[in-house]
Amino acid sequence: HVTSLPLGDVNVVVVTDVHSWVAGHNPDHEPYLNADYGTVLSFYETLQRTASSMGKDVFFVNNGDFLHGTGLSLQPDRLTPILERMPFSALNL
């Protein structure tokens, strides 16, 4: 559970190599690892609340490779609004 993770003074949640899979992957493929942007956002927000109550920091970083890879990558106008709603602290282009 998120609230039981050991936290340092500074913590970093990194999202990388999503390749436009905004809704996760096929649930038959390692379902315990399957997550969509909503799952990631919920994890980050819960971790941030927990860390904040302990006086600790959490940074949310998109490490890139978020656009190409699926049919959705050919329609960045559909992907951009999702990415804009994510509260990333930093974005690697």
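The model shown is predicted, which means the values in this text are computed figures rather than measured ones. (Residues numbered from 1 in each chain as written. Predicted model: local features only at pLDDT ≥ 70, side-chain atom pairs only at ≥ 80, totals over all residues. Heavy atoms only, no water.)

### A word on the packing of aromatic side chains
Here is step 1: Throughout the structure, instances matching the rule amount to two aromatic pairs.
Here is step 2: Look at Tyr 44 and Phe 60: their rings are 4.3 Å apart centre to centre, the planes differ by 10°, and that puts the pair in the stacked class. Residue Tyr 44 is found in helix α1 (residues 37-53), and its partner Phe 60 is found in strand β2 (residues 57-62); the two are separated by 16 residues along the sequence. Side by side, Tyr 44 and Phe 60 carry an identical accessibility label, which is buried.
Here is step 3: Taken together through their ring pairs, the aromatic side chains of Tyr 44, Phe 60 and Phe 88 make up a single cluster. (Phe/Tyr/Trp six-rings, centres within 6.5 Å; stacked < 30°, edge-to-face > 60°. Helix = DSSP H or I, 4+ residues; strand = E, 2+ residues; numbered from the N terminus. Buried < 20%, exposed > 50% of the residue type's maximum accessible area, 1.4 Å probe, protein only.)

### Quick look at α1
For an α-helix, 3.6 residues make a turn, and residues three or four places apart therefore share a direction.
Here is step 1: Here α1 contains 17 residues, and its C-alpha end-to-end distance of 24 Å stays within 8% of the 24 Å for a straight helix at 1.5 Å per residue.
Here is step 2: Buried within α1 we find Tyr 37, Tyr 44, Thr 46, Leu 47, Thr 50 and Ala 51.
Here is step 3: Of the surrounding elements, those touching the buried residues of α1 are β1 (10-15), β2 and α2 (76-85).
Here is step 4: Looking one or two places after α1, you find Gly 55, whose phi comes out positive at around 75°. (Expected span 1.5 Å × (residues − 1). Contact = heavy atoms within 4.5 Å.)

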